[in-house]
Amino acid sequence: MTFSRTARWATGWLLAAAWALSFPLFSSLAPHRLWGWCAAAGYLGAAAATALGRRRAALAAALLGAVAVPLLWLVLTGQGQSEVTVIERSGRLLLESGRLYVDRPAHVEEYTPYLPGMALLGIPRALLDGDGGGDGWVVRLLGDARIWCAAVLFGCLGAARRLLVGGTGGGAAGGTGDERGGGPVGGRVGGPGRLLPLLVASPVVALPLAVSGVDLPLAGLCCLALAAAAAGRPVLAGAALAGACALKWTALPAVAVAVALLAVCRGGRAAVRCALVAAAGTALLVLPAALLQPAELWRQVLAFPTGRAEVPTPASSPLPGHLLAELAPWGWYLTVGLLLAGGLVVALSLLARLPRTVAAAADRLALGLTLAFLLAPAGRFGYLALPVLLSVWARSVAVPGVSRVVAGSFRLRPPDGRPRVPNERPGGHFV
């Protein structure tokens, strides 16, 4: 039995509504429960509109119920996960003292498990709320860290799409443009481009956007880095990687994947240039805090998220790594060993088979992050949204009917400016 496209989309919205309804039923966090009620109503409206053949109305209903209403309500009422407060506190500390971390934290709320780049997203609140009152709606709306996390995500996704669809580098490398000279086939964005607003409306983005937003800038910068690598922009790719690595250390796998993609698309020199820019940029952003508060950076950024700090981390979802770490005193070391082994396997896979498209690179990075989240001594199910976002994003910028394979390191236009015929080697020879 085959379902029509309308039936498939309606079913998808209904499944999203069921997922959203699980939060009011099972979650103990008020922001999650509020999001669940709002999102479920939006997804049910989307299913009804889809059944009536109103696809644009369906998308609008999903965006309204799952994103706009809960985000604005939670921001204006000052509700959210503790990560929002942590980011905003880091921004205030940075402005007031040049430090990022609370010395010798005694409670979970005092820990800041992020690298210095995350504090930049908390600076708007500190600037707008000089006296710490935070009563005005303008301060709450424009100063909330979630708004700036979303701004970074959408800005990076927009820039990545322009690189892949509008530029001359994305066609071959990313499978998003005409191999004969850059830009999308027929000069317009293909159908899969509509996946991007659907991705925003989905629980993968809508939930973290409304309640915390903390992983969204990391995802956006990783997408931008992969797009820049595919477009042959090593400096931009390195800068995006530096920004991501200055937010959370979990962005480190993206460096290896982007460098591998650049090596395929533009050769070893471009890959090395990207790696150097990423390393220098990360050092520039992280070293001041590491030199000023080395003990706190180790305690809060490395020990706390892995369950080795004096205060236990609240990230304790029953994932394989956490379950192994809880077995016995040696369980933590076993988990770390498996985590390192998983990283080695992904690194060897990059050497054995380099990713030749944006989609392949995003999938390889998603695989590495999934293994890391599953095998980490402490983690949350919500972390797995990041790999899903990466894989779906890569397909949202693809134009169907165009080759997605890079045939080697080559220019899209030879030095003489003549558009190259597909399968033609430099010099006019065909393969």
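Computed from a predicted model, the values in this text were never measured in an experiment. (Residues numbered from 1 in each chain as written. Predicted model: local features only at pLDDT ≥ 70, side-chain atom pairs only at ≥ 80, totals over all residues. Heavy atoms only, no water.)

## Here's the deal with the overall build of the chain
Using the following cut-off: Only DSSP runs of H or I covering at least 4 residues are called helices, and only runs of E covering at least 2 are called strands; the numbering of each starts at the N terminus. Partly exposed residues are those whose accessible area sits between 20% and 50% of the maximum for their type, while under 20% is buried and over 50% is exposed, using a 1.4 Å probe and protein chains only. Here, residues are in contact when the closest pair of their heavy atoms is within 4.5 Å.
For the chain, the count of helices and strands is 19 helices and 0 strands. Looking at the chain as a whole, 50% of its 431 residues are labelled buried. Of the contacts made within the chain by residues no fewer than 6 positions apart, 72% connect residues no fewer than 24 positions apart.

## Examining the environment of Ser202
As for its position among the elements, Ser202 is in the loop between helix H9 (195-201) and helix H10 (203-211). Separated by 163 residues in sequence, Ser202 and Ala39 place their C-alpha atoms 9.3 Å apart.

## Considering the confidence of the model for the chain
Applied cut-off: The quantity called pLDDT is the predictor's confidence in a given residue, expressed from 0 to 100.
Here the chain averages 84 in pLDDT, while 84% of its residues score no lower than 70. Mean pLDDT in the chain bottoms out at helix H8 (residues 170-174), which sits at 40, and peaks at helix H12 (residues 234-245), which reaches 97. In this model residues 167-192 is a low-confidence stretch, pLDDT under 50, and it forms 75 contacts with partners more than four residues away in sequence or in other chains. When the criterion is pLDDT under 50, residues 399-431 qualifies, and its contacts beyond four places in sequence or with other chains add up to 62 contacts.

## Examining the packing of H12 against helix H14 (residues 268-292)
Heads up, the rule is: Axes here refer to lines fitted to C-alpha atoms; in helices the fit is confined to the stretch in contact. Angles between the N-to-C directions go from 0 to 180 degrees. Put simply, a crossing is left-handed when the front helix is turned counterclockwise from the back one by less than a right angle, and right-handed when it is turned clockwise. Think of it as three bins: nonpolar holds Ala, Val, Leu, Ile, Met, Phe, Trp, Tyr, Cys and Pro, charged holds Asp, Glu, Lys and Arg, and polar takes everything else, Gly as well.
Relative orientation of the contacting elements H12 and H14 amounts to 35 degrees, with a least axis distance of 7 Å. Along this stretch, H12 crosses H14, giving a crossing that reads as right-handed. Contact residues: Pro234, Val235, Ala237, Gly238, Ala239, Leu241, Ala242 and Cys245 in H12; Ala270, Arg273, Cys274, Val277, Ala278, Gly281, Thr282 and Leu285 in H14. For the contact of H12 with H14, the class distribution of residues is 12 nonpolar, 3 polar and 1 charged.

## So, the nonpolar core
Looking at soluble globular proteins, one finds that nonpolar side chains tend to be buried together. This is how the line gets drawn: Here, the term nonpolar core denotes a set of buried Ala, Val, Leu, Ile, Met, Phe, Trp, Tyr and Cys residues that are joined through side-chain atoms within 4.5 Å.
Core analysis: the largest hydrophobic core is formed by 94 residues, its most contacted members being Trp35, Tyr43 and Trp393. Of the residues forming this core, the biggest block, 13 residues, is contributed by helix H11 (residues 216-230). Discounting chain neighbours no more than four positions away, the residues touching Tyr43 are Trp13, Ala16, Ala17, Ala20, Trp35, Ala62, Ala66, Ala201, Ser202, Pro203 and Ala206.

## Quick word on the pattern of salt bridges
How we decide: Salt bridge, as used here, is a side-chain nitrogen of Lys or Arg placed within 4 Å of a carboxyl oxygen of Asp or Glu.
Scanning the entire structure with this criterion turns up 11 salt bridges. Where Glu83 meets Arg380, a salt bridge forms, and the shortest distance between an N and an O atom there is 2.9 Å. Note that Glu83 is positioned in helix H4 (residues 82-97) and Arg380 in the loop between helix H18 (358-375) and helix H19 (385-396), a separation of 297 residues in sequence. Assessed through its relative accessible area of 9%, Glu83 is described here as buried. A salt bridge links Asp144 to Arg146, with the nearest nitrogen and oxygen atoms 2.9 Å apart.

## A word on H10
Among the 9 residues that make up H10, 8 are buried, leaving the element largely enclosed by the rest of the structure. The first or second residue beyond H10 is Gly213, which carries a positive phi of 80 degrees.

## Thoughts on the packing of aromatic side chains
How we decide: Each pair of aromatic rings taken from Phe, Tyr and Trp, with Trp reduced to its six-membered ring, is defined by centres within 6.5 Å and is described as stacked if the planes are under 30 degrees apart, edge-to-face if over 60, and tilted in the remaining cases.
Overall, the coordinates contain 6 aromatic pairs when judged by the stated rule. An angle of 20 degrees between the planes, with centres 5.9 Å apart, marks the rings of Trp13 and Tyr43 as stacked. Of this pair, Trp13 sits in helix H1 (residues 5-26) while Tyr43 sits in helix H2 (residues 30-51), placing them 30 residues apart in sequence. Exposure class is identical for Trp13 and Tyr43. Each is buried. Consider the rings of Phe373 and Tyr383, whose centres lie 5.6 Å apart with planes at 50 degrees: the pair is tilted.

## Concerning the side chain of Arg299
To be explicit about the condition: Here a polar contact is taken to be a pair of N or O atoms separated by no more than 3.5 Å, where protein atoms must pair a possible hydrogen donor with a possible acceptor and residues adjacent in sequence count only if both atoms sit in side chains.
Examined against the element boundaries, Arg299 turns out to sit in helix H15 (residues 294-303). Overall, Arg299 belongs to the buried group, its relative accessible area being 12%. Polar side-chain contacts of Arg299 include one of 2.5 Å to the side chain of Glu296. Apart from residues lying up to four places away in sequence, Arg299 is in contact with Arg104, Pro105, Tyr111, Phe304, Ala309 and Glu310.

## Focus on unusual backbone geometry
Although it is not a glycine, Arg104 sits at a positive phi angle of roughly 50 degrees. With respect to the helices, strands and loops of the structure, Arg104 is situated in the loop between H4 and helix H5 (123-128).

## Here we look at helix H13 (residues 252-266)
To keep it simple, the criterion reads: The span you would expect from a helix comes to 1.5 Å times its residue count less one.
For H13, built from 15 residues, the straight-helix expectation of 21 Å at 1.5 Å per residue is met to within 8% by its first-to-last C-alpha distance of 21 Å. Taken together, the buried positions of H13 are Ala254, Val255, Val257, Ala258, Ala260, Leu261, Leu262, Val264 and Cys265.

## Comments concerning a nonpolar patch on the surface
The test is simple: Distance thresholds for patches are 9 Å for like charges and 5 Å for nonpolar side chains (Val, Leu, Ile, Met, Phe, Trp, Tyr), applied to residues having over 30% relative accessible area and no salt bridge. Accessible surface area values rest on a Shrake-Rupley calculation with a 1.4 Å probe, where residue burial reflects the displayed protein chains alone.
Taken together, Leu72, Leu76, Leu128, Trp137, Val138 and Leu142 make up a surface patch of nonpolar side chains, about 560 Å² in accessible area. Elements that contribute at least two residues to the nonpolar patch include exactly helix H3 (55-76) and helix H6 (137-143). Broken down by element, the nonpolar patch gets its largest block of residues, 3 residues, from H6. Within the fold, Trp137 resides in helix H6. Judged by relative accessible area, which is 57%, Trp137 ranks as exposed.

## A closer look at the packing of H18 against H19
Heads up, the condition is: Any angle that is under 35 degrees is reported as roughly parallel, and any over 145 degrees as roughly antiparallel; angles of 65 to 115 degrees are reported as roughly perpendicular and all others as oblique.
Viewed as axis vectors pointing N to C, H18 and H19 meet at an angle of 175 degrees, and their least axial separation amounts to 8 Å. Regarding the angle of H18 to H19, the classification is roughly antiparallel. Along the contact surface, H18 presents Val358, Ala359, Ala362, Asp363, Leu365, Ala366, Leu369, Thr370 and Phe373, while H19 presents Leu386, Pro387, Leu390, Ser391, Trp393, Ala394 and Arg395.

## Re the state of the cysteines
Put plainly, two cysteines are in a disulfide when a covalent bond ties their sulfur atoms together. Test applied: By disulfide we mean two sulfur atoms from cysteines, separated by a distance within 2.5 Å.
Summed over all chains, the structure comprises 0 disulfides. In this structure Cys222 is a free cysteine whose sulfur lies 7.0 Å from that of Cys223, the closest cysteine sulfur available. By relative accessible area, which is 3% here, Cys222 ends up buried.

## Thoughts on the environment of Glu109
Within the secondary structure, Glu109 sits in the loop between H4 and H5. You can call Glu109 exposed: its relative accessible area is 52%. Counting along the chain gives 26 residues from Glu109 to Glu83, while the straight-line C-alpha distance between them is 8.7 Å. Apart from the residues lying within four places of it in its own chain, the contact partners of Glu109 are Val86 and Arg89.

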